[in-house]
Amino acid sequence: MTVLDTRPAPIHAPEPRTRHYLMCAPTHFSVTYAINPWMDITNPVDVERARLQWEVLRNTYLSLGHRVDVVDPMPGQPDMVFAANGGLTVGGRAYGAKFRFAERAAEGAAYAAWLRQSGVTVVEPEHTNEGEGDFLALGTMILAGTGFRTSLAAHIEAADAVDRPVVSLELVDPRFYHLDVAIAVLDDGNGSAPAEIAYYPGAFSQHSQRTLRDLFPDAIICSESDALVLGLNAVSDGHHVILPAAAAELAEALRTRGYTPVPIDLDEYMKSGGSVKCCTMELHR
Ligand code: ARG
């Protein structure tokens, strides 16, 4: 007898690859100013809970076999915990960050110094850009966000700095002020499988939605409700996808594609508009 398996086949069998991450301990993390709609200075951070949540994230990466380095936190820089914003590093070259708001300006040099002393060539930015918050590296290109933080001119500068073509995408909803809260890279296309992403279309202009549809016809479409718990602010090693626990539908969609979702709770960081990916810079090979 033939039994028909009617489950949709995963598009590919995702393969994990060991990653190199940089994080910054939340020693000085708090919400003392408001530079995005998530931040409310009257909603205090539970410091101990934030510390534990960050440790869980770090230990999750380590237990999956990844390398995690840490940069020293700086007093007076409450957002420095969001390491993704410290630069864009690909193949031993980094494009340094130049923050949009004065409150975070000092972080740029701190991250550049760390990258330099670990052997990365850092290109000094002339234009405003917030590192991997707005630049997502794929095997063949960089997806770049603009509209709230990173300028369009920085997209061109980044392409030169890391020698990769850049695809510019326009963000239009202030709740999704960085690209890494609107798109999750699931497979970076650096292995045998093609690049795969998940995204929330409503975060993008009509033109950029069309670009994303053309480039990624098989992308996972994330619901507004999962995007609003920062479900797309996820980190994938090509197989395990570490994502905010509240994004249940997205986790289910990932499972269907053959990924292993690893839900974790980082809700203290949502008070600042961040989650898993924001707390993580990947040094892309
Ligand atoms: N409070 C920080 C800011 O507004 C959050 C940064 C989140 N980082 C990210 N990669 N999305 O700049």
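Here the structure is a predicted model, which means the values were calculated and not measured.

Participant: I'd love a proper account of the overall build of the chain, names of residues and values included.
Facilitator: Summing up its helical and strand segments, the chain has seven helices and 15 strands in all. By the burial criterion, 56% of the 285 residues in the chain qualify as buried. Within the chain, counting contacts between residues at least 6 apart in sequence, those at least 24 apart form 72% of the total. For the chain, the exposed surface amounts to about 11,800 Å²; the carbon and sulfur share of it is 54%. Separation between the mean location of the 22 positive side-chain charges and that of the 36 negative ones in the chain comes to 2 Å.

Participant: Go over the pattern of salt bridges, please, and point to the residues and values.
Facilitator: Tallied over the entire structure, the rule returns 18 salt bridges. When the shortest N-O distance is used, the salt bridge between Asp 265 and Arg 49 registers 4.0 Å. You can see Asp 265 sitting in the loop between strand E14 (260-264) and helix H7 (267-270) and its partner Arg 49 sitting in helix H1 (residues 47-63), a full 216 residues away along the chain. Residue classification places Arg 49 among the partly exposed residues on the basis of a relative accessible area of 33%. The partner of Arg 49 in a salt bridge is Glu 268, and the shortest N-O contact between them spans 3.0 Å.

Participant: Account for the nonpolar core, naming residues and giving values.
Facilitator: Ranked by internal contacts, the top residues of the largest apolar core, which has 38 residues, are Leu 143, Ile 183, Phe 204 and Leu 250. Only strand E8 (166-170), strand E9 (183-187), strand E10 (196-199), strand E13 (240-244) and helix H6 (248-256) provide two or more residues apiece to this core. Element by element, the count of residues in this core is highest for E9, at four residues. The contacts of Leu 250, once residues within four sequence positions are left out, are Ala 198, Ile 220, Cys 222, Asp 226, Gly 231, Leu 232 and Leu 243. Counting residues in hydrophobic clusters, the runner-up holds 24 residues, among them Met 23, Val 235, Ile 242 and Cys 279.

Participant: So what's going on with the pairing of E8? Residues and values would help.
Facilitator: Because side chains alternate across E8, one face comprises the buried residues Val 167 and Leu 169, and the other comprises Val 166, Ser 168 and Glu 170, none of which is buried. For the handedness criterion, the β-α-β arrangement of strand E7 (residues 142-146), helix H3 (residues 152-162) and E8 is classed as right-handed.

Participant: Outline the site of the ligand, listing residues and values.
Facilitator: Of all residues adjacent to the ligand, which total 16 residues, the nearest are Asn 36, Arg 104, His 178, Asp 180 and Cys 278. One nitrogen or oxygen atom from the side chain of Asp 79 is found 3.0 Å from a nitrogen atom belonging to the ligand. One of the side-chain N or O atoms of Asn 85 is found 3.0 Å from a nitrogen atom in the ligand. Protein contacts shield 100% of the accessible area of the ligand, which totals 350 Å² for the unbound molecule. Taken atom by atom, the bulk of the ligand overlaps the second largest cavity. Looking at the shell around the ligand, its residues break down into six nonpolar, six polar and four charged.

About the criteria used
Residues numbered from 1 in each chain as written. Predicted model: local features only at pLDDT ≥ 70, side-chain atom pairs only at ≥ 80, totals over all residues. Heavy atoms only, no water. Helix = DSSP H or I, 4+ residues; strand = E, 2+ residues; numbered from the N terminus. Buried < 20%, exposed > 50% of the residue type's maximum accessible area, 1.4 Å probe, protein only. Contact = heavy atoms within 4.5 Å. Areas by Shrake-Rupley, 256 points an atom, 1.4 Å probe, with all protein chains shown as cover. Lys, Arg positive; Asp, Glu negative; His and termini not counted. Charge placed at Lys NZ, Arg CZ, Asp CG, Glu CD. Salt bridge = Lys/Arg side-chain N within 4 Å of Asp/Glu carboxyl O. Core = buried A, V, L, I, M, F, W, Y, C linked by side-chain atoms within 4.5 Å. Right-handed = clockwise from strand over helix to strand, strands pointing away. Near = heavy atom within 4 Å. Polar contact = N/O pair within 3.5 Å; in protein donor to acceptor, adjacent residues only side chain to side chain. 1 Å grid on protein atoms, 1.4 Å probe; cavity = no way out; pocket = protein on both sides within 12 Å on 5 of 7 lines; lining within 4 Å. Sits in = over half its atoms within 2 Å of the grid points. Nonpolar A, V, L, I, M, F, W, Y, C, P; charged D, E, K, R; others polar.

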